[in-house]
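Results of the structural survey
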Amino acid sequence: MATIEDFRKLELKVAQIKEVSEHPNADKLLVLTLDVGDKVKQVVAGIRSSYTREALLGRLVVLIDNLDPVILRGVESQGMILAGSDESGIVVISPERTLKPGSTVK
């Protein structure tokens, strides 16, 4: 079980998707460029089967902003976007109204 202190360590931020490209080495991954307000981050996400480039461009998402970078199939990922999934596919978690990139998610 995770404690509330574990959860408080995560920095959740609103980010806007500025660029989307197919991962060069993985059929299920997309490479996203995110505007987080005071910085730009690159995130690799396993959402290619559920989203087109056009459906993601400009969309607001929730980003875990303070994860250590990792290399996924040769491409650096500097965070993780939140999504849910069921038998119908993957759904990216988005704020219900427009918030500025970099806004804190509580």
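Further up the page is the structure itself.
Residues numbered from 1 in each chain as written. Predicted model: local features only at pLDDT ≥ 70, side-chain atom pairs only at ≥ 80, totals over all residues. Heavy atoms only, no water.

Bringing the overall build of the chain into the picture now. A tally of regular secondary structure across the chain gives two helices and nine strands. Computed over its C-alpha atoms, the radius of gyration of the chain comes to 14 Å, within 12% of the 13 Å expected for a compact globule of 106 residues. For the chain, the spread of C-alpha atoms along the three principal axes comes to 35 × 30 × 30 Å. Classification of the 106 residues of the chain by burial places 32% in the buried group. In the structure as shown, the chain presents an accessible area of about 6,800 Å², 51% of it carried by carbon and sulfur atoms. (Helix = DSSP H or I, 4+ residues; strand = E, 2+ residues; numbered from the N terminus. Rg over C-alpha atoms; globule rule 2.2 N^0.38 Å. Buried < 20%, exposed > 50% of the residue type's maximum accessible area, 1.4 Å probe, protein only. Areas by Shrake-Rupley, 256 points an atom, 1.4 Å probe, with all protein chains shown as cover.)

This next bit is on the pairing of strand E2 (residues 30-35). With five of six residues buried, E2 lies mostly within the body of the structure. Note that strand E1 (residues 12-22) and E2 share six bridges and pair antiparallel. Residue pairing across strands places Ile17 opposite Leu34, the latter belonging to E2. The pairing of E2 with strand E3 (residues 40-45) spans six bridges and is antiparallel. Residue pairing across strands places Val31 opposite Val44, the latter belonging to E3. Where E2 folds back onto E3 in an antiparallel hairpin, the turn is made up of four residues, including Gly37, whose phi is positive at roughly 95°. (Pairing = 2+ DSSP bridges.)

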